[in-house]
Amino acid sequence: MRSFRTEAAGLVSVERSQFGLWEEDEFAEDGSWLELPLAAGTPGVTLTDGAVKVRSSIREHYAEVTLELTDRPVRPEGFSLLARVPYRSRTGRIDVWTLFSGPADVALEFELEGKPRDFTLSVFWARADDSDDRMSADLPRGVERFRFAFAPVAAE
């Protein structure tokens, strides 16, 4: 079986220690990621169908965020696993949202044959240090990095 992987990455404004992932769906009965409670842990995540709220350990900064669709989520070197949870996609398009500035320039589209679709979401977190050569050159030491790996759950 061939493996697959697509990703979208960019810098996201973390405002008041939070940002979110959200699938905007006009037919959804529940609200946006904004209505989710902040996770108790720092950093941490809370989620519902089509929405994830992230609690950062830094109040105001730009985090490096990567969304990945893959059949084999792998913990990147230097990252910790924050959560591995079931995730149900409502629309097939996930956007990263900021608290005050709206959608960020990071989005991932799933090629879905039928909606909704079930995934296992692995959320990885790291704090950059001076030795991290994978970081963008203009980001300061201590900035957080988040990686969201979506792996499709095989239909039974």
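Reference entry: report on the structure contained in this document.

Cut-offs and rules
- Residues numbered from 1 in each chain as written.
- Predicted model: local features only at pLDDT ≥ 70, side-chain atom pairs only at ≥ 80, totals over all residues.
- Heavy atoms only, no water.
- Phe/Tyr/Trp six-rings, centres within 6.5 Å; stacked < 30°, edge-to-face > 60°.
- Helix = DSSP H or I, 4+ residues; strand = E, 2+ residues; numbered from the N terminus.
- Pairing = 2+ DSSP bridges.
- Axes fitted to C-alpha atoms, helices over the stretch in contact; angles between N-to-C directions.
- Polar contact = N/O pair within 3.5 Å; in protein donor to acceptor, adjacent residues only side chain to side chain.
- Salt bridge = Lys/Arg side-chain N within 4 Å of Asp/Glu carboxyl O.
- Buried < 20%, exposed > 50% of the residue type's maximum accessible area, 1.4 Å probe, protein only.

1. As for the packing of aromatic side chains
Tallying each qualifying case throughout the model produces six aromatic pairs. Ring centres 6.4 Å apart and planes at 90° place the aromatic pair F19 and F148 in the edge-to-face group. One end of the pair, F19, is in strand β2 (residues 18-22); the other, F148, is in strand β10 (residues 144-152), and 129 residues separate them in sequence. On the numbers, 6.2 Å between centres and 90° between planes, the contact of F119 with F150 is edge-to-face.

2. Observations regarding the sheet that holds strand β6 (residues 80-89)
Strands sit in the order β1-β5-β10-β9-β6 across an open sheet of five strands; the sheet is mixed. A single partner strand is all that each edge strand has here, and the edge strands are β1 (5-14) and β6. Neighbouring strand axes in the sheet, compared pairwise and without regard to direction, differ in orientation by 20° on average. Judged from the nine bridges that link them, β6 and strand β9 (residues 117-127) form a sheet pairing that is antiparallel. Bridge pairing in β9 links A83 to V123.

3. Considering the side chain of D95
By the secondary structure assignment, D95 is in strand β7 (residues 93-98). Of note is the side chain of D95, whose polar atom sits 3.1 Å from the side chain of R93.

4. Focus: the pattern of salt bridges
A full pass over the atoms with the stated rule returns seven salt bridges. Within this structure, E7, E68 and R147 form a network of salt bridges that share partners.

5. Overview of unusual backbone geometry
A positive phi angle is found at R16, which is not glycine, with a value near 55°. Within the secondary structure, R16 is located in the loop between β1 and β2. Positive phi is not limited to glycine here, since S17 has a value of about 65°. Within the secondary structure layout, S17 lies in the loop between β1 and β2. According to the relative accessible area criterion, S17 is buried, its value standing at 15%.

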